[in-house]
Each structure stands twice: as structure tokens, then as C-alpha cells.
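Overview (structure and organization)
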Amino acid sequence: AKGTEVIKQGDLEADYFYVVQEGAFDFSVSNGMQVRQESKHLESRGGGVSFGELALMYFAPRAATVAAIEDSVVWVMDRQNFKSILMK
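What comes next concerns the included structure.

All right, on to a nonpolar patch on the surface then. Together, Leu 54, Met 57, Tyr 58, Leu 86 and Met 87 line one region of the surface with nonpolar side chains, adding up to about 580 Å² of accessible area. Among the elements that take part in the nonpolar patch, helix H1 (residues 53-58) stands out by supplying 3 residues, more than any other. Of note, Met 87 is situated in helix H2 (residues 79-87).

Residues Ile 7, Tyr 18, Val 20, Phe 25, Phe 27, Phe 51, Val 66 and Ala 68 constitute the largest nonpolar core, which totals 8 residues. Taken together, the elements giving at least two residues each to this core come down to strand E2 (16-22), strand E3 (24-31) and strand E6 (65-68). Sequence-distant contacts of Ile 7, that is, excluding residues within four places in its chain, are made with Tyr 18, Phe 51, Gly 52, Arg 62, Ala 64, Thr 65 and Val 66.

So, on to the sheet that holds strand E7 (residues 73-78). By definition, the strands of a sheet pair up through backbone hydrogen bonds, in either a parallel or an antiparallel sense. Ordered in space as E5-E2-E7, the 3 strands form an open sheet in which the pairing is antiparallel. Sheet topology places strand E5 (50-51) and E7 at the edges, where each strand pairs with a single neighbour. Summarising the sheet, E2 and E7 pair through 6 bridges and their orientation is antiparallel. Within E7, the position partnered with Glu 22 by the bridge is Val 73. Where H2 meets the sheet, its contacts fall on E2 and E7, and the angle it forms with E7 comes to roughly 80 degrees.

What follows concerns the pattern of salt bridges. The full count for this structure, using the stated rule, is 2 salt bridges. With its nearest N and O atoms 3.9 Å apart, the salt bridge here joins Glu 5 to Lys 8. Take Lys 8: its relative accessible area is 46%, and that puts it in the partly exposed class. Here Asp 15 and Arg 79 are joined by a salt bridge, their closest N and O atoms 3.9 Å apart. One end of the pair, Asp 15, is in the loop between strand E1 (5-7) and E2; the other, Arg 79, is in helix H2, and 64 residues separate them in sequence. Given the relative accessible area of 18%, Arg 79 is considered buried.

Criteria and cut-off values
By convention here, each chain's residues receive numbers from 1 onward along its written sequence. Owing to the predicted nature of the model, reporting of local features is limited to residues with pLDDT of at least 70; listing and counting of side-chain atom pairs is limited to 80 or more, with chain, interface and lining totals taken over all residues. The basis for every side-chain value is the complete set of non-hydrogen atoms in the structure, without hydrogens or water. Patch membership is restricted to residues that have no salt bridge and whose relative accessible area is over 30%. Joining uses 9 Å for like charges and 5 Å for the nonpolar side chains Val, Leu, Ile, Met, Phe, Trp and Tyr. A 1.4 Å probe and the Shrake-Rupley method give the accessible areas. Residues count as covered only by the protein chains that appear here. Within this document, salt bridges are pairs made up of a side-chain nitrogen of Lys or Arg and a carboxyl oxygen of Asp or Glu, the two lying within 4 Å of each other. By the criteria applied, helices consist of DSSP H or I runs no shorter than four residues and strands consist of E runs no shorter than two, each listed in order from the N terminus. Definition of nonpolar core: a set of buried residues of the types Ala, Val, Leu, Ile, Met, Phe, Trp, Tyr and Cys, connected through side-chain atoms within 4.5 Å. Each residue's exposure class comes from its accessible area (1.4 Å probe, protein chains only) as a fraction of the maximum for that residue type: buried when under 20%, exposed when over 50%, partly exposed otherwise. The contact rule is simple, with two residues in contact once any of their heavy atoms fall within 4.5 Å. When DSSP finds two or more bridges between a pair of strands, those strands are recorded as paired. To get an axis, fit a line to the C-alpha atoms, keeping to the stretch in contact for a helix; angles then go from 0 to 180 degrees between the N-to-C directions.

Any link to function would need more than the numbers given here.
So, in C-alpha cells, the structure goes:
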């Protein structure tokens, strides 16, 4: 649904990889070092793109916040299946 945050920057519970079937998402990064956090818009992406792989591959916190900017459909893959496919 529009406005839904699929990934939250800094989240350590990174268990899923996402592939966009249809819709659009906004990618942004916040500077948490300042007293007043500012969010920087990175880009918007539509159908056919994927996101979430860095945190799965490197056990790192999520690098950006990803939010739906319109009603969207995504395919979700868990960490185990994602890594299994990478090893093939």
C-alpha cells in the first residue's frame, strides 16, 4: 500500500530480499549523526527492480529506508533461499 515502509534504515532484522513486480518505491537515507535528522532522497524505482541484498549478504544493518510511493506488488525471498540461489 502507498506509504508502507518495506525497509527501515538501520534495521538489524534484515531477513528478506525484495523483487518489485509492479508499483514504485522511494529510497532515502537519513543522517542520524546530527541532532535534527535529515532524509536525503536517493531515487525512485519501479517494477522489475530488486532491493535488500546488501544486508543479507553482509549481515549489515539496512542502508536505506524504502517506502512504497504507490500501491505495489513485491515478491519476497527469505535469507536462506536467497543465499542458496547465490551459491548455485
